[in-house]
Structures are given as C-alpha cells and as structure tokens.
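Chains, contacts and geometry: an overview
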Amino acid sequence: MLEQLLLTEVLTQAFDAVLLEIHSSLKPLNVLKIFHIGSGSCGFKFNVRSYCTLLRLLVASNHDDPARLLLIRLIDGKLPALFDNPQKKHVEVAAFLAELSCVSDFGVAVRTFDLLVHLCCTQFKNVGFDAALDVFRSLASRGLYPSLKTSNFLLSSLVKESELRKSYEVFGVLNNGVKPDVYLFSTTINAFCKGGPVDEAKEILRKMEKMGAGGWFYVAEHRFWPSSFNVGGYFGLERS
C-alpha cells in the first residue's frame, strides 16, 4: 500500500513537472481530454497545480465554459485531485494560481483570479461570501488582485447583501494595493453611508474628488454624472 502511494506521488509530480514545462505548446482541449481519461478511466489523481495549469491553458485560449466547469468541479470535490487541505480547496487553488502568475502572460493570471472570485460569489454563495474573501485575502497577501471590474463586483455584492464590514475590509485592502477607480469609490461610499460611519464616507468622498475620476462620478444607480454634480449631496454628505 505504501509503495503504491509513493508511486502515485512520484508519477503525479513527474506529470506536473512535464506539463508545466511544455504546456505552452499544447492544445488546451487535448490536455483536457488527457485529464478526463486519466482521472476517469485510469483513476489517476492529478495534483492541484496541474489542474491550475490546465485552467490557465483554457482561459488563455478563451475556452471559458470548460474552464468554468473545471473550476466548479475541482472546488466541489468532483475531480480526483490531491489537495493538502480538502476543507479549503478554493484557497489552495488561489495559492497555485498565484504561484503560476509568473509563468507567462500576467493578463491570463488576472483572468483566472477573476473567474475564481466570481465563482465563489455566485456558484458557492450558499456558504456566504467567506470563500470569496478567503480567495481575495490569499491573493492580496501575495500582492496580487483580481481586476478592478471583478473587485467591484465582489464589493458591490457584499454591499447588496449588507456584508458591510467585509466590504470595508475589501476596499481597505484594495486601497493599499491598487489605485481604486470611480466604481470602487462610489460603491464604498454607498457602503459606509448604509452602514453608519459617515465620517469615513466623507473622507473617501474627498479622496475621490481629488482624483477627479476623469471629470465624472459614478453613483449608486449606475449612472454617470459630471464632476459639477453634487455627489456629497446625493449621498447625504456635505462637501468640504
């Protein structure tokens, strides 16, 4: 039994090393077939990094639907994968996607981050937003972030569900790591106004106005207004 486990581990690591080395020259759907045959007919357990490499291949080739399904099944435990912590599959996936972000096109890495965060907010919303926040924190701890569009989706989803403390945390982390855009500012102002700490909302409003956001502001009902519009009055705040 021990010998079989060791052999499986060696084969898994060997496959992972070869896949990582030659993945850029492979056709993603052919690799996907290999995974299906290996995990299905042969009962082979690929490691998480191999699955993440496959995910990157699919995303890079714009095979979004297979990539999404692969990620759902991986986190749902429907694929035979070697996880170190089966209770935190999403965090382990995030860690390997972060590790692979330096392998090739960083834009592909961000798209995989986006996909993972979006799935945690939608497909796995039955566990609340803890999974999405776990992923966000894992990436941010490595100096990596989803796109601003996905970050705003996460933030607005938290505000919509009245997860205000979590929304404050997300904005605080983003504000320290990236340059927030007008969407993030507006969503956060809305969150602070909804949650009560109006002084914080005023401070964010002042920072937003200093940036100017290209002469336009974005307000809660998803409408654009010129910078002459009284944003502070709209949110019930005094302009300073």
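Quick note: structure is the one above.
Now for a quick tour of the structure. (Residues numbered from 1 in each chain as written. Predicted model: local features only at pLDDT ≥ 70, side-chain atom pairs only at ≥ 80, totals over all residues. Heavy atoms only, no water.)

**Things to note about the overall build of the chain**
Definition in use: Put simply, DSSP marks the helices as runs of H or I at least four residues long and the strands as runs of E at least two long, and each gets a number from the N terminus on. Under the scheme applied here, a residue whose accessible area is under 20% of the maximum for its type counts as buried, over 50% as exposed, and between as partly exposed, the area being computed with a 1.4 Å probe on protein chains only.
Tallying secondary structure elements over the chain gives 12 helices and 4 strands in all. The buried share of the chain, taken over its 240 residues, is 43%.

**Comments concerning the nonpolar core**
Going by this rule: Put simply, buried Ala, Val, Leu, Ile, Met, Phe, Trp, Tyr and Cys residues joined by side-chain atoms within 4.5 Å make one nonpolar core. Whether two residues are in contact is decided by their heavy atoms, any of which lying within 4.5 Å being enough.
In this structure, Tyr51, Leu55, Leu71, Val93, Leu116, Leu154 and Val170 are the most contacted members of the largest nonpolar core, which totals 55 residues. Here this core gets 9 residues from one element, more than from any other, and that element is helix H6 (residues 106–122). Beyond its immediate stretch of four places on either side in the chain, Leu55 contacts Ala67, Leu70, Leu71, Leu97 and Leu115. Of all hydrophobic cores here, the second largest spans 5 residues; its members include Val159, Leu164, Tyr168 and Ala191.

**Points about the pattern of salt bridges**
How we decide: Basic side-chain nitrogens of Lys or Arg form a salt bridge, by our definition, when they fall within 4 Å of a carboxyl oxygen of Asp or Glu.
Applying the stated rule across the entire model yields 8 salt bridges. In this structure, the salt-bridge partner of Glu99 is Arg49, at a minimum N-O distance of 3.0 Å. Placement of the pair is Glu99 in helix H5 (residues 89–100) and Arg49 in helix H3 (residues 48–60), with a sequence separation of 50 residues. In this structure, Asp64 and Arg111 form a salt bridge, with 3.5 Å as the shortest nitrogen-oxygen distance. Within this pair, whereas Asp64 is found in helix H4 (residues 64–75), its partner Arg111 is found in helix H6, the two being separated by 47 residues in sequence. Residue classification places Asp64 among the partly exposed positions, given a relative accessible area of 43%. Residues joined in a network through salt bridges with shared partners are Lys88, Asp134, Arg137 and Glu169.

**Overview of the packing of aromatic side chains**
What counts, and what does not: Centres within 6.5 Å make a pair out of two Phe, Tyr or Trp rings, where for Trp the six-membered ring is used; the pair is then stacked when the planes are under 30 degrees apart, edge-to-face when over 60, and tilted otherwise. Working rule: Lys NZ or Arg CZ, within 6 Å of ring centre, within 35 degrees of ring normal, means a charge sits over the ring.
Scanning the model with the defined rule gives 6 aromatic pairs in all. Summarising the aromatic geometry, the rings of Phe15 and Phe35 are spaced 5.7 Å apart at their centres and angled 75 degrees between planes, so their arrangement reads as edge-to-face. Of the two residues, Phe15 is situated in helix H1 (residues 2–22) and Phe35 in helix H2 (residues 28–40); the sequence distance between them amounts to 20 residues. With a centroid separation of 5.9 Å and 85 degrees between ring planes, the pair formed by Phe46 and Tyr51 is classed as edge-to-face. The pair formed by Phe46 and Tyr51 is uniform in burial state, with each residue classed as buried. What links up through ring pairs into an aromatic cluster is the set Phe15, Phe35, Phe44, Phe46 and Tyr51. Positioned over the ring face of Phe83 is Lys89, at 5.9 Å from the centre of the ring.

**Structural notes on the packing of H5 against H6**
The condition that has to hold: In this description, a line fitted to the C-alpha atoms serves as the axis of each element, helices being fitted only across the stretch in contact, and the angle between N-to-C directions of two axes falls anywhere from 0 to 180 degrees. Orientation labels follow simple angle bins: below 35 degrees gives roughly parallel, above 145 gives roughly antiparallel, 65 to 115 gives roughly perpendicular, and whatever is left gives oblique. Gly is put with the polar residues, along with every residue not named as nonpolar or charged; the nonpolar set is Ala, Val, Leu, Ile, Met, Phe, Trp, Tyr, Cys and Pro, and the charged set is Asp, Glu, Lys and Arg.
One way to put it is that H5 packs onto H6 with a least axis distance of 10 Å and a crossing angle of 170 degrees. The angle between H5 and H6 falls in the class roughly antiparallel. Contact residues: H5 offers His90, Val93, Ala94, Leu97 and Ala98, while H6 offers Thr112, Phe113, Leu116 and Cys120. Partitioned by chemical class, the residues of the contact of H5 with H6 number 7 nonpolar, 2 polar and no charged.

**Some thoughts on H6**
Test applied: Expected helix span is given by 1.5 Å per residue-to-residue step, counting one fewer step than there are residues. Here a polar contact is taken to be a pair of N or O atoms separated by no more than 3.5 Å, where protein atoms must pair a possible hydrogen donor with a possible acceptor and residues adjacent in sequence count only if both atoms sit in side chains.
With 17 residues, H6 should cover 24 Å at 1.5 Å per step; its first-to-last C-alpha distance of 24 Å lies within 8% of that length. Burial analysis of H6 places 12 of its 17 residues in the buried class, which makes it a mostly covered element. Within H6, the full set of buried residues consists of Val108, Ala109, Val110, Thr112, Phe113, Asp114, Leu115, Leu116, Val117, Leu119, Cys120 and Cys121. Put simply, Asp105 is the residue that caps the front of H6, since its side-chain oxygen is 2.9 Å from the backbone nitrogen of Gly107.

**Points about the side chain of Asp114**
Definition in use: Under the counting rule used here, the positive set is Lys and Arg, the negative set is Asp and Glu, and His together with the chain ends is not counted.
Within the secondary structure, Asp114 is located in helix H6. No salt bridge forms around the buried Asp114; measuring N to O, its nearest opposite-charge neighbour Arg111 is 7.1 Å away. Looking at Asp114, its side chain comes within polar contact range of the main-chain nitrogen of Ser147, at 2.8 Å. Once residues within four sequence positions are removed from consideration, Asp114 is found in contact with Pro146, Ser147 and Thr150.

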